[in-house]
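A look at the structure
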Amino acid sequence: MKSIKKYLMLALLAGLGILPNLNAQNDLQISRVFEEKKGSVMVELTDEMLDGYDFSLFKSITINNNLPAADFIRKCLAKDEAGAKKVKQVVSNGVPTSIYLQLPRKGSLYRLILFNETYKPVQKITLIYIESKNDSEDVLKLILKKK
Amino acid sequence: MKIVIKHKTDFSKADRLIEKYYDGLTTVEEEKQIQHFLSQPDLPERFEVDKEIFGYFDHKKKKLHKSILPYFRWASVAALLAAIVFSLQIYMNTNRSNYACIDGKKIYDVHQIKSQALESLQDVSSKTNEVEDGFKNLNDHQLIEQQLDVFSGL
């Protein structure tokens, strides 16, 4: 009887463990950035082939002329960086202008975050979140190849 | 029909029924009669063994009933939680769609969405390449040797 209760308890815990995985992006700070705002372009693609990329989830947001938004994203990324498997940055004048975070896998999905800020011709922020069944290194190589 | 202890003949009737029970010939009704008879207090000592046998079966039944009840309770809780998890999964999947939102205006045209997605990828890819180049430079032995050469004359 005790063992039945034990197994049922384990099943319940496993079930509850699945809940946060329903949306793997929810555990990240950058999920707060992906909101439909005026002056921004947001894209969400699910299980789509995108010019050779095979993404389970693709989310991007582009914001123009908004310095506070850039600072906010950088703060979010700094927190998400703590749990990242691999971090690559380009720092310009002491400020990270380009960040690549390779996050630990969530289930079968590889996750990565790409951030970029340019100032010419206008200040432009681009933040991308990708979930893919393919290795995030391969996804990044593919992105670079397509340049 | 109930056997009530009134006369010695009732005991003999009970004896007959118990014997019939051990031979496996009793009906359900007769077994109930035996149980009723044996559940009475102040029975002669010779019925003690039969009492124990019937008592044992009764105990077993109660124990089985006891053990199944909590199992069903736990199973129902597990089933309920599983249902919630699956409903949430379906809800999340249906809410995940393909769209672009430009200045607060939603677009569902797949070609437009994809072109917006590619544009954002191009924005990032140029700078990400700089990161890669930087890492390549770090691994460039020739560059490191050149930099070390500066100190060789010291």
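Residues numbered from 1 in each chain as written. Chains lettered and ligands numbered in written order. Predicted model: local features only at pLDDT ≥ 70, side-chain atom pairs only at ≥ 80, totals over all residues.

Our focus in this paragraph is the overall build of chain A. From N to C terminus, chain A includes three helices and six strands. Traced from its N-terminal end to its C-terminal end, chain A shows the element sequence α-β-β-α-β-β-β-β-α. Residue burial in chain A is summarised as follows: out of 147 residues, 30% are buried. A separation of at least 24 residues holds for 54% of the contacts in chain A among residues at least 6 apart in sequence. (Helix = DSSP H or I, 4+ residues; strand = E, 2+ residues; numbered from the N terminus. Buried ≥ 20, exposed ≤ 12 C-beta atoms within 10 Å, placed from the backbone. Contact = placed C-beta atoms within 7 Å.)

A few words on the overall build of chain B. Counting its secondary structure elements, chain B contains five helices and two strands. Taken from N to C terminus, the helices and strands of chain B fall in the order α-α-α-β-β-α-α. Buried residues in chain B amount to 10% of all 154 residues. Excluding contacts between residues fewer than 6 apart, the proportion of contacts in chain B whose partners are at least 24 apart in sequence is 21%.

Our next topic: the confidence of the model for chain A. Confidence along chain A averages 81 in pLDDT terms, with 78% of residues attaining 70 or more. When mean pLDDT is taken per element in chain A, strand S6 (residues 124–132) of chain A scores highest with 92 and helix H1 (residues 2–18) of chain A scores lowest with 61. (pLDDT = per-residue confidence, 0-100.)

Moving on, we come to helix H2 (residues 67–81) of chain A. All names here are of chain A. Over its 15 residues, H2 extends 21 Å from the first C-alpha to the last, a length consistent with the 21 Å expected when each residue adds 1.5 Å. The set of residues buried in H2 consists of Ala69, Ile73, Leu77 and Asp80. End-on, the buried residues of H2 take up no more than an arc of 70°, which puts them together on one face. Away from its buried face, by an angle of more than 90 degrees, H2 presents the exposed residues Leu67, Pro68, Asp71, Lys75, Ala78 and Lys79. (Expected span 1.5 Å × (residues − 1). Arc of directions from axis to C-beta.)

Core analysis: the biggest nonpolar cluster contains 36 residues, and Leu112(A), Ile113(A), Leu127(A) and Ile128(A) have the highest contact counts within it. When residues no more than four places from it in sequence are discounted, the contact partners of Ile113(A) are Ile30(A), Leu77(A), Asp80(A), Leu101(A), Leu103(A), Ile128(A) and Tyr129(A). (Core = buried A, V, L, I, M, F, W, Y, C linked by C-beta atoms within 7 Å.)

Residue and element names in this part refer to chain A. Residue position: Ile143 is located in helix H3 (residues 136–145). Owing to 21 C-beta atoms within 10 Å, Ile143 belongs among the buried residues under this scheme. For the pair formed by Ile143 and Gly52, sequence separation is 91 residues and the distance between their alpha carbons is 9.7 Å.

Along the polypeptide, Leu28(A) turns up in the loop between H1 and strand S1 (40–50). For the pair Leu28(A) and Gly83(A), spaced 55 residues apart in sequence, the C-alpha separation works out to 9.3 Å.

Below, the discussion takes up unusual backbone geometry. Residue and element names in this part refer to chain A. With an omega dihedral of -5°, the bond running from Lys120 to Pro121 counts as a cis peptide bond. Non-glycine residue Asn65 carries a positive phi angle of around 45°. Turning to its location among the elements, Asn65 is positioned in the loop between strand S2 (53–64) and H2. Exposure remark for Asn65: the 10 C-beta atoms within 10 Å place this residue in the exposed category. Positive phi, normally seen in glycine, also occurs at Asn93, with a value near 55°. Using a count of 5 C-beta atoms within 10 Å as the deciding quantity, one classes Asn93 as exposed.

On to the pairing of strand S4 (residues 95–106) of chain A. The two faces of the sheet receive side chains in turn, since in a regular strand these alternate between them. All names here are of chain A. Relative to S4, strand S3 (residues 86–92) runs antiparallel, the two sharing seven bridges. Residue pairing across strands places Val90 opposite Ser98, the latter belonging to S4. Counted along the chain from S3 to the antiparallel partner S4, the turn is two residues long, and its residue Asn93 has a positive phi close to 55°. Pairing analysis gives seven bridges linking S4 to strand S5 (residues 109–118), with the strands arranged antiparallel. Across the sheet, Gln102 pairs through a bridge with Leu112, a residue of S5. Linking S4 back to S5 in an antiparallel pair, the connection comprises two residues, with Gly107 at a positive phi of about 65°. (Pairing = 2+ DSSP bridges.)

Per-residue confidence for chain B gives a mean pLDDT of 74; residues scoring 70 or more make up 65%. Within chain B, no element has a lower average pLDDT than helix H5 (residues 141–152) of chain B, which sits at 66, and none a higher one than strand S1 (residues 99–102) of chain B, at 88.

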